Amino acid sequence: MEGNKQYIIRIAAIVALGGFILGFDASVISGTLKFVETEFSLNDIQLGWLVSSITLTAALGTFIAGPLSDKVGRRSVLKFAALLFAVSALFSAMSTTFTMLIIGRLIGGFAVGAALIIAPMYIAEVSPPAKRGQMVSFNQLNIVIGISAAFFTNYLILKLGESPYEWVNAINLKTWNWRWMLGLEVFPALLYYIGLYFVPQSPRWLSMHGHFEKAQLTLQKFVGTEDARHQMKSIEESILQEGKKEKVHFGELFKKNIRLVIIVGIIVAIFQQLVGINSVMFYAPLIFEQTGIGTDASFLQAILVGLVNLVFTLVAMKIIDRLGRKPMLVYGMVGMAVSMLILAYGFKTATYTLDSDALASLPNEMAIEKLRAIESQTFASDLDFKSAVAGAIGVTEAKQFEAVLVTAAAKMNAVLILIGILLFVSFYAVSIGPVMWVLFSELFPNRIRGLAISFVGLVNLTFAFLVQLVFPWQLTNLGNALTFFLYAIFAVIGLLFIVAKVPETKGKSLEELEVLLVKSP
C-alpha cells in the first residue's frame, strides 16, 4: 500500500504542475503593471483588461475542456494546455504593442481554463476516497506555489535590473524587465509537457470508453488490487446505467434531480471571486503602493502574500479530510469578512498631505511648483487627494507619478493594511480556495461531471474576469476603503448561503455521493 501511496503522490504532483504554471501565469502580470502601463500609456480600463483578459479565455477554456476531456482524455487536454502556456509566454514577452500583449494573454487563458478544471478532475478520479481531498488539493497547492514563484521572480528581476553585472546589461534586464517576467513561464510549461508522458490515462475515462481491463490495471497502481476490483465494480455499474441513457446535453444540468448540486456549485463559484481574492493577488504591488511604502517594498510585501498563501494551503491539505469541507468554508468566510473590514478601516482612517519635505522628495521631472498650490493641505481620502493632484498637474502626469505621490503624502497604518491582507489570504487559502475545487470534483454525478465542472468553472472565471477588470476603476472612482468594504459584504452573503445549503462530502466515494446528492428523475 505504501508503494501505491507513493505512486499516487508522484502522478498527482506531475498533473498538478499545471496548477503551478496556472498560478504563475495568473500572478506574474501583477509585477508588470507599472511598467506596461507607462510603456503603452494605459488607462484604468485598459489596465484592468490586461489583467483580466486571461480570465476571459480561461472561462471559455473551462467550458471547452471538460467535454473535450471526455472525448480525447484528461491527459491529452493537459498536454495541449502545456503547449499553449509556452506559446503564450513567448508571444507576451515579445509583444511590441498593447494589442499583441493582449493576444498573448488570451492564448494563455485557454490553457489556464483547461488546467484549472482537468487537473483536479483527473486527481479526483484516481485517488482513494479517504485521501481524495488531500490529493485534489495538490493542484491548489501548486497554484499557490506558482503565485509565490511569480511574486519572487518579479522582485528578483526588478532588483537584478538595478545591479551592475555585465550579463544583466547583456540581456537588457532593466529595460525589458516586464518581458523577462512574462517570458520565464516557457520553462515550466515545457517541463510539464514532458512530464505528462509519464502519466496514465484516467481509469474512469478508460472505462467510459470500454477499456475496462486497462482501467483496472491502471487503478491497481493507485489503490491496490482489492480496492481496484471493488471500485471497478462500482464504476462499471455506473457506466452501465449511464449507457442506457441518452448522450449528455447542456440542458441536463438544469434538470430537477440535480438542481441542488448545480445551484450549490454556481453560488460557491461566484462567491469565491466576489470576496476579492483576485483583486488582492493580481494587484498586490498596486495595493501596497497605495499605503505609501514605495515600489520596492510593495514588491517585497507581495512575496509575503504569496508565502502566506502557500503556508495556509498546506494547512488546508492537512485538515480537509479530517475537519470536512463545510466547516472550513464557514470559518474561512467569517475570517475573510473580518479581514476586509480591517482593510476598509485602515484606508478609511488614512490622510494625505504634501508638505514641504514631501515635495522635496519628489522626482525633479515632476511639475513640483504646480503642486505647491495644494502644499500642506490635508485630504481625508485617497479620492480627494488624487483629484486635487490631477487638478494641479494634470491627469496624465498625476497618473504617471501616482505611486511616488502617494508614497510622499500618505499617512496611515501600513502595518494594519499588511495584517488585513495577510489574514484575508490565509483564510481564503485554508477555505474556499482549495475547498471549492474539491467540492466540484465530488458534487456532480459521473455521467455529467465533465460538463458540469466546465459550466461552474465558466461561471467562476466569468466573475473573476469582472472583478479583475473593474478593480483599477474601483480604486479610482470608489476609493480604497469602499472597495474593500464591498468585498466584506459579499463574504457575509456567501457565508449565509454556505451555512444554509452546502452539503458535507468528505469520506465518501464518488458513486456514494451520487446516490446521496442526486435525486431519482
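Read on for an overview of the structure.

The rules behind these values
- Residues numbered from 1 in each chain as written.
- Predicted model: local features only at pLDDT ≥ 70, side-chain atom pairs only at ≥ 80, totals over all residues.
- Heavy atoms only, no water.
- Helix = DSSP H or I, 4+ residues; strand = E, 2+ residues; numbered from the N terminus.
- Rg over C-alpha atoms; globule rule 2.2 N^0.38 Å.
- Buried < 20%, exposed > 50% of the residue type's maximum accessible area, 1.4 Å probe, protein only.
- Contact = heavy atoms within 4.5 Å.
- Areas by Shrake-Rupley, 256 points an atom, 1.4 Å probe, with all protein chains shown as cover.
- Lys, Arg positive; Asp, Glu negative; His and termini not counted.
- Charge placed at Lys NZ, Arg CZ, Asp CG, Glu CD.
- Core = buried A, V, L, I, M, F, W, Y, C linked by side-chain atoms within 4.5 Å.
- Expected span 1.5 Å × (residues − 1).
- Bend = angle between axes of the 7 residues up to and from the residue.
- Salt bridge = Lys/Arg side-chain N within 4 Å of Asp/Glu carboxyl O.
- Pairing = 2+ DSSP bridges.
- Axes fitted to C-alpha atoms, helices over the stretch in contact; angles between N-to-C directions.
- Parallel < 35°, antiparallel > 145°, perpendicular 65-115°, else oblique.
- Left-handed = near helix turned anticlockwise from the far one by under 90°.
- Nonpolar A, V, L, I, M, F, W, Y, C, P; charged D, E, K, R; others polar.
- Patch = residues over 30% accessible without salt bridge, like charges linked within 9 Å, V, L, I, M, F, W, Y side chains within 5 Å.
- Phe/Tyr/Trp six-rings, centres within 6.5 Å; stacked < 30°, edge-to-face > 60°.
- Lys NZ or Arg CZ within 6 Å of the ring centre and 35° of its normal.

Focus on the overall build of the chain
Scanning the chain from terminus to terminus reveals 28 helices and 3 strands. Compactness check: the chain gives a C-alpha radius of gyration of 24 Å against a globular reference of 24 Å for 521 residues, within 12% of the reference. Its C-alpha atoms put the chain at 80 × 55 × 40 Å along the principal axes. Of all 521 residues assigned to the chain, the portion counted as buried reaches 60%. Sequence-distant contacts, at least 24 apart, represent 82% of the contacts inside the chain between residues at least 6 apart. In the structure as shown, the chain presents an accessible area of about 20,700 Å², 66% of it carried by carbon and sulfur atoms. Charge separation in the chain, taken as the distance between the mean sites of 40 positive and 35 negative side-chain charges, equals 10 Å.

Observations concerning the nonpolar core
One recurring pattern in soluble globular proteins is that nonpolar side chains are buried together. Membership of the largest hydrophobic core comes to 181 residues, with the highest contact counts inside it found for L354, L371 and L405. In terms of residue count, helix α6 (residues 98-126) provides more of this core than any other element does, 16 residues in total. Setting aside residues no more than four positions away along its own chain, L354 makes contact with L359, L371, I374, E375, S376, Q377, F385, V389, L405, A408 and A409.

Some words on α6
Its 29 residues place the ends of α6 42 Å apart at the C-alpha level, agreeing with the 42 Å of an ideal helix rising 1.5 Å per residue. The largest bend in α6 comes to about 25°, at A115.

A few points about the pattern of salt bridges
A complete count under the given rule lists 10 salt bridges for this structure. For R179, the salt bridge is made with E39, and the minimal N-O distance between the two is 3.3 Å. Taken as a pair, R179 in helix α9 (residues 177-183) and E39 in helix α3 (residues 29-40) lie far apart in primary sequence, 140 residues in all. Taking the relative accessible area as the measure of exposure, R179 reaches 15% and is therefore buried.

Things to note about the sheet that holds strand β2 (residues 378-379)
Ordered in space as β2-β1-β3, the 3 strands form an open sheet in which the pairing is antiparallel. On the outer flanks of this sheet lie β2 and β3 (410-411), each paired with one strand and no other. Where strand β1 (residues 351-353) meets β3, 2 bridges bridge the pair, whose relative direction is antiparallel. Within the sheet, the bridge partner assigned to Y352 lies in β3 and is A410.

Structural notes on the packing of α6 against helix α7 (residues 132-160)
Interhelical geometry of α6 versus α7 gives an angle of 155° and a closest axis separation of 8 Å. Judged by the inter-axis angle, α6 sits roughly antiparallel to α7. Crossing geometry of α6 relative to α7 is assigned as right-handed. Taken together, the residues of α7 that come into contact with α6 (itself represented by A115, L116, A119, P120, I123 and A124) are R132, M135, V136, N139 and I143. Its residues assigned to classes, the contact of α6 with α7 comprises 9 nonpolar, 1 polar and 1 charged.

Concerning the side chain of T483
Turning to its location among the elements, T483 is positioned in helix α27 (residues 480-501). Excluding residues that lie within four positions of it along the chain, T483 makes contacts with F471, Q474, L475 and L478.

Quick word on unusual backbone geometry
Despite not being glycine, S41 has its phi angle at roughly 50°, a positive value. Looking at where S41 falls in the secondary structure, it is placed in the loop between α3 and α4 (44-72). A residue is classified by how much of its surface remains accessible, and S41, at 60% relative accessible area, is exposed.

Re a positive patch on the surface
Together, K5, K131, K318 and R322 line one region of the surface with positive charge. Mapped onto the elements of the fold, K318 is located in helix α17 (residues 295-323). Overall, the relative accessible area of 56% leaves K318 in the exposed class.

Points about the environment of I103
Checked against the element boundaries, I103 lands in helix α6. By relative accessible area, I103 is classed as partly exposed at 38%.

Focus on a nonpolar patch on the surface
The grouping of L60, F63, I64, L68, V72, F110, F250 and F254 at the surface amounts to a nonpolar patch, some 670 Å² of accessible area in total. The greatest single-element share of the nonpolar patch, amounting to 5 residues, is contributed by α4. Note that I64 resides in helix α4.

Considering the packing of aromatic side chains
Evaluated as defined, the whole model comprises 12 aromatic pairs. Taking 5.7 Å as the distance between ring centres and 10° as the angle between the ring planes, the aromatic pair formed by F347 and F484 counts as stacked. Of the two residues, F347 sits in helix α18 (residues 325-348) while F484 sits in helix α27, which places them 137 residues apart along the sequence. The same class applies to F347 as to F484, namely buried. An aromatic cluster of at least three residues, connected via ring pairs, comprises Y283, F347, F471, F484 and Y487. Between the NZ or CZ atom of K79 and the centre of the ring of Y197, over which it lies, the distance is 3.7 Å.

Some points on the packing of helix α2 (residues 17-27) against α7
Following both chains from N to C, one finds α2 and α7 inclined at 40°, their axes separated by 6 Å at the closest point. The orientation of α2 relative to α7 falls into the category oblique. Our pair here, α2 against α7, has a crossing hand that is right-handed. Contact residues: L17, G19, F20, L22, G23, F24 and S27 in α2; N139, N142, I143, I145, G146, I147, A149, A150, F151, T153 and N154 in α7. Here the contact of α2 with α7 is built from residues that sort into 10 nonpolar, 8 polar and no charged.

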